[in-house]
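# Structural features, examined
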Amino acid sequence: MINKTLLTVIIPTYNRVKELKISIPTFIKNKRSDLKFLILDDHSTDGTAEFINECSLEDKRIELIKNDKNLHINLNTYKGFNLVKSPYAMWLSDDDILIGDYINDCIDIFENNPNVSLVHNKVNKVSENFDTVDYQIYQKGWEAIKNIFNQGSSFPGLTYRMKNFDLSKYPLGKEKIYPLIKMNLLIAQNFDVAILKSSGLKTIEGDLKK
């Protein structure tokens, strides 16, 4: 029996093969068969596509989308969300590493809290207390808006219940630097938001990039 994809991980990337060689292993360490890792190569010239193809041979959950031309980060991300067919989708940065069991934690929150439509984390401030899943749910409206806005422009790990992610409201254009902020606020107006503290993302340290 083939499991349907429950959560799609969107990873836009451009000329970051060095970072991907560090980040991808932390992403795919979760062995759930109902995950898809959708990597959108924005016409890289550094061997990114070749590396991802090698990864996909070892892990069939990895799918490479190679753009014929450079779309820039905003349109590349938009393209990724358009390709999602699963109930949930997560946005990951190519230069971050997963801390703890973040993917499972996000899925569990959605499955146990039907009113939650957005899950985020304390990027670079994860407690790393893995003995318990520590998160806070904020009710829709001002409480959810205030607390998701307080996360600023930290995007890695944003996870959405896709039926409430209205792509028609997505801000398009190269000049739109932080379009997901608008999407977060639109969701928080009408749905609860959860913020995880005990698992999440951390930026790859500078010495690892050398």
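Scroll up to find the structure this text is about.
For clarity, every value in this text was computed on a predicted model and none was experimentally measured.

## Considering the packing of aromatic side chains
Applying the stated criterion to the full structure yields 7 aromatic pairs. Seen from their ring centres, Tyr88 and Phe110 are 4.7 Å apart, and the 20° between their planes marks the pair as stacked. Taken together, the residues span a long stretch of sequence, with Tyr88 in strand S4 (residues 88-91) and Phe110 in helix H4 (residues 102-112) at a distance of 22 residues. A relative accessible area of 5% means that Tyr88 is categorised as buried. With centroids separated by 4.7 Å and ring planes inclined at 65°, the aromatic side chains of Tyr160 and Phe165 adopt a geometry described as edge-to-face. For the pair Tyr160 and Phe165, a shared accessibility class is recorded, and that class is buried. Feature note: the residues Phe81, Tyr160 and Phe165 constitute an aromatic cluster, connected by ring pairs.

## Let's talk about the sheet that holds S4
Pairing in this open sheet of 8 strands is mixed, and the strands run S3-S2-S1-S4-S8-S6-S9-S7 from one edge to the other. Both outer strands of the open sheet, strand S3 (62-66) and strand S7 (135-138), are each paired with one neighbouring strand and no more. Each strand of the sheet is rotated relative to its neighbour by a mean of 20°, with strand direction disregarded. By the bridge criterion, 4 bridges tie S7 to strand S9 (residues 192-196) in an arrangement that is antiparallel. Directly across from Ile137, in S9, lies its bridge partner Ala194. Strands in contact with helix H2 (residues 48-58) are strand S1 (7-13), strand S2 (35-41) and S3; relative to S3, the strand with the most contacts, it is inclined by about 155°. Sheet strands in contact with H4 are S1, S2, S4, strand S6 (116-121), S7, strand S8 (159-161) and S9, and its direction is about 155° off that of S6.

The rules behind the values
Residues numbered from 1 in each chain as written. Predicted model: local features only at pLDDT ≥ 70, side-chain atom pairs only at ≥ 80, totals over all residues. Heavy atoms only, no water. Phe/Tyr/Trp six-rings, centres within 6.5 Å; stacked < 30°, edge-to-face > 60°. Helix = DSSP H or I, 4+ residues; strand = E, 2+ residues; numbered from the N terminus. Buried < 20%, exposed > 50% of the residue type's maximum accessible area, 1.4 Å probe, protein only. Pairing = 2+ DSSP bridges. Axes fitted to C-alpha atoms, helices over the stretch in contact; angles between N-to-C directions. Contact = heavy atoms within 4.5 Å.

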